[in-house]
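In case you want the letters, here they are:
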Amino acid sequence: MNSTVIPVFVTYNLGVDRFVKLNELWNKVIFVDNSETKLIDLKLRRLSIVWNEMNLGYGGGANIGIEQALSLGADWVIIMNQDLKITRKGLKKFADELKRTNPALVGPFAGSLDEKRWTTMLSSKPVDYISGGCMAIHRDVIDKIGNFYEPYFMYYEDADYCIRAKKSGFPLIQSMTSDICHEDNPYQGKGSFLHECYLARNHLLFVESQALLSVKLYEWSRLPKSYSEFLESDNKGGLSGIKDYLLRRFGEKIYEHRN
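Bear in mind the structure is a predicted one, so any value in this text is a computation, not a measurement.

Cut-offs applied
- Residues numbered from 1 in each chain as written.
- Predicted model: local features only at pLDDT ≥ 70, side-chain atom pairs only at ≥ 80, totals over all residues.
- Heavy atoms only, no water.
- Buried < 20%, exposed > 50% of the residue type's maximum accessible area, 1.4 Å probe, protein only.
- Helix = DSSP H or I, 4+ residues; strand = E, 2+ residues; numbered from the N terminus.
- Pairing = 2+ DSSP bridges.
- Salt bridge = Lys/Arg side-chain N within 4 Å of Asp/Glu carboxyl O.
- Expected span 1.5 Å × (residues − 1).
- Arc of directions from axis to C-beta.
- Contact = heavy atoms within 4.5 Å.
- Patch = residues over 30% accessible without salt bridge, like charges linked within 9 Å, V, L, I, M, F, W, Y side chains within 5 Å.
- Areas by Shrake-Rupley, 256 points an atom, 1.4 Å probe, with all protein chains shown as cover.
- Lys, Arg positive; Asp, Glu negative; His and termini not counted.
- Core = buried A, V, L, I, M, F, W, Y, C linked by side-chain atoms within 4.5 Å.
- Axes fitted to C-alpha atoms, helices over the stretch in contact; angles between N-to-C directions.
- Left-handed = near helix turned anticlockwise from the far one by under 90°.
- Nonpolar A, V, L, I, M, F, W, Y, C, P; charged D, E, K, R; others polar.

## Digging into unusual backbone geometry
If you check the backbone angles, F153 has positive phi at about 70° while not being a glycine. When its relative accessible area of 5% is taken as the criterion, F153 is described as buried. A positive phi angle, close to 80°, is found at Y156, a residue other than glycine. Considering the arrangement of structural elements, one finds Y156 in the loop between helix 4 (139-145) and helix 5 (157-167).

Listed below in structure tokens is the structure:
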């Protein structure tokens, strides 16, 4: 099957050395940079950089990359985070796998949803969603269900997209390639105010948007308990996330919190 595969990296404050390194991976690479300030001006071979004037988040950045990749004739668009460790050989192996695959969502990092609350868990069985850290999307999927839902800004947009794809009849496939992995550096924002805020808010939005009725009823009925748990653990981010959900404040968290 002769398919065109175009990788799209959604980046933020990416250094020059990293741009150069990633540019060497493939015949055509798209970078969508969410940095508020244009830090560098590179003209590298085969490299397409889209500079946003503001931080559009994962979904917003990915959507811009998807549209550009489709305009270049992509049959498969691979959305990737900048913290991936990947080689030319690994990317070629993954692309060759895609060319033999029917329209679907494919990626090396799969996750599942717990039955009661639909919180996300990185686990290979069952495959309820493909992690947005590396997600290949066939053109037919995009034509059928559209782009990522941008109000999430960060977290749960991959799970949302996968549920929508499954509802439209497209399979979720975990790639068995071992040539794509995350860098050893830990995610610096984990456990921060913003991290906890986005997780709490977006989990509720995800349940509202995509979950079964039984899950919605359970999650809404335990909302006072969730708030109490965040209060007892002094989780200010989680508390703020619940408040934002109830006040319908989505997108980027642009206002400061008070201690």
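Now, onward.
## Let's talk about the sheet that holds strand 9 (residues 129-130)
Spatial ordering of the open sheet is given by 8-7-9, a layout of 3 strands whose pairing is antiparallel. Each end of this open sheet is capped by a strand with a single partner; those strands are strand 8 (120-122) and strand 9. Relative to strand 8, strand 7 (residues 110-113) runs antiparallel, the two being bridged by 3 bridges. Looking at the pairing, G111 lines up with L122 of strand 8.

## As for the pattern of salt bridges
For the coordinates displayed, the defined rule picks out 10 salt bridges. For D160, the salt bridge goes to R164, with nearest N and O atoms at 3.3 Å. Placement of both D160 and R164 in helix 5 is noted, with a separation of 4 residues, approximately one turn of the helix. With respect to class, D160 is no different from R164; both count as buried. In this structure, R249 engages D244 in a salt bridge whose closest nitrogen and oxygen atoms are separated by 2.8 Å. Given the relative accessible area of 36%, R249 is considered partly exposed. Members of the salt-bridge network, linked through shared partners, are D244, R249 and K253.

## A short note on helix 3 (residues 88-99)
In a regular helix each residue adds 1.5 Å, so 12 residues correspond to 16 Å; helix 3 covers 16 Å between its end C-alpha atoms and thus fits that length. Turning to helix 3, its buried residues are G90, L91, F94, A95, E97 and L98. Summarising the axial view, the buried residues of helix 3 lie within an arc of 155°, below the 170-degree limit, and thus occupy one face. Contact partners of the buried residues in helix 3: strand 1 (5-11), strand 4 (76-81), strand 5 (84-86), strand 6 (105-107), strand 10 (134-138) and strand 12 (180-182).

## Quick word on a nonpolar patch on the surface
The grouping of L213, L217 and W220 at the surface amounts to a nonpolar patch, some 320 Å² of accessible area in total. Assignment of secondary structure puts L213 in helix 7 (residues 213-221). By relative accessible area, L213 is classed as exposed at 56%.

## Concerning the side chain of E97
Along the chain, E97 falls in helix 3. R100 provides the closest opposite charge to the buried, salt-bridge-free E97, at an N-O distance of 5.8 Å. Leaving out residues up to four positions away in the same chain, E97 has contacts with V106 and S175.

## Structural notes on the nonpolar core
Across soluble globular proteins, nonpolar side chains have a tendency to be buried as a group. Counting 42 residues, the largest nonpolar core has V77, I79, L105, I137, F148 and Y161 as the members making the most contacts within it. What I137 contacts, discounting residues up to four positions off in sequence, is I66, D75, W76, V77, I79, A104, L105, I142, F148 and Y161.

## Some details on the packing of helix 6 (residues 193-210) against helix 9 (residues 236-246)
At a closest axis distance of 7 Å, the pairing of helix 6 and helix 9 adopts a crossing angle of 35°. Pair helix 6 / helix 9 crosses with right-handed handedness. Here helix 6 contributes F193, E196, C197, A200, R201, L204, L205 and E208 to the contact with helix 9, which in turn contributes K236, G237, G238, S240, G241, I242, D244 and Y245. Classifying every residue of the contact of helix 6 with helix 9 by side-chain character gives 7 nonpolar, 4 polar and 5 charged.

## Section: the environment of M80
Mapped onto the secondary structure, M80 falls in strand 4. M80 sits in the buried class, given a relative accessible area of 0%. C-alpha of M80 to C-alpha of V8: the two residues are 72 residues apart in sequence and 6.1 Å apart in space. Beyond its immediate sequence surroundings of up to four residues, M80 is in contact with P7, V8, F9, V10, I86, L91, G133 and C134.

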